[in-house]
Amino acid sequence: MTESLDVTDWAILTEVQRDGRIAYTELARRVNLSASATKERVRRLEESGVITGYRAEVDLERIGYAVLAVVRLKYPGTRHEPLRRLLGERAEILECLRTTGDDCYVLKVAATSMAHLEQIVDALAEFGSTTTGPRRRCWRRRGRRRSSRPVPGGRRARRFGRRTRR
């Protein structure tokens, strides 16, 4: 079901996407509401499922994942569960989009080196043919590569159901 959002709701969404840790008082100032009205609107947006969570953006280069790549996968079968399991196990796969056309999946992958990228692609190649395009300057925002997915390397980021405000 689609939520009906007014101009203020859109302004709140814009500000919260820009800074998920913004204090209610500062958010209220930016959208021209009282802090209590702003808090109520954010709560309503959360409860209705418009705001689904808050994440930390991680600078991948600073933690050793300097190679980013787009991997296209042609998956010939119809049983996708084994591939979904691999996607859940490999935190280096930051995004996976199921597509139509020649490729079935387009994946965004972070690796520590070209050899590490090759290992990831080899694991994906067990499911079908792959095409890889390393990207050194892709997915940059404000000059840094970031990820909102759990950090690669096996350690999963803690997920918080609710966030606290300053």
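From a predicted model like this one, the values you see are computed outputs, not experimental measurements. (Residues numbered from 1 in each chain as written. Predicted model: local features only at pLDDT ≥ 70, side-chain atom pairs only at ≥ 80, totals over all residues. Heavy atoms only, no water.)

**Brief notes about the packing of helix 1 (residues 7-18) against helix 3 (residues 35-47)**
- Orientation of helix 1 relative to helix 3, taken along the N-to-C sense of each, is 80°, at an axis distance of 11 Å. With respect to each other, helix 1 and helix 3 are oriented roughly perpendicular. Where helix 1 abuts helix 3, its residues T8, D9, I12 and L13 lie against R41, V42, R44 and L45.
- The residue inventory of the contact of helix 1 with helix 3, partitioned by class, reads 4 nonpolar, 1 polar and 3 charged. (Axes fitted to C-alpha atoms, helices over the stretch in contact; angles between N-to-C directions. Helix = DSSP H or I, 4+ residues; strand = E, 2+ residues; numbered from the N terminus. Parallel < 35°, antiparallel > 145°, perpendicular 65-115°, else oblique. Contact = heavy atoms within 4.5 Å. Nonpolar A, V, L, I, M, F, W, Y, C, P; charged D, E, K, R; others polar.)

**Overview of the packing of aromatic side chains**
- If you walk through the whole model with that rule in mind, you get 2 aromatic pairs.
- For the ring pair Y75 and Y105, a centre distance of 6.2 Å and an interplane angle of 90° mean the geometry is edge-to-face. Highlighted residues: Y75 in the loop between strand 2 (67-74) and helix 4 (81-89) and Y105 in strand 4 (residues 105-111), separated in sequence by 30 residues. Each member of the pair, Y75 as well as Y105, carries the same accessibility label: buried.
- Ring geometry for Y75 and F127: centres 6.1 Å apart, planes at 25°, overall stacked. Placement of Y75 in the loop between strand 2 and helix 4 and of F127 in the loop between helix 5 (114-125) and strand 5 (129-135) is noted, with a sequence separation of 52 residues between them.
- Residue Y75 is classed as buried on the basis of its relative accessible area, which comes to 9%.
- Under the relative-accessibility criterion, F127 is labelled buried at 18%.
- Among the aromatic residues, those joined into a ring-pair cluster are Y75, Y105 and F127. (Phe/Tyr/Trp six-rings, centres within 6.5 Å; stacked < 30°, edge-to-face > 60°. Buried < 20%, exposed > 50% of the residue type's maximum accessible area, 1.4 Å probe, protein only.)

Interpretation in functional terms is not warranted from these geometric data alone.
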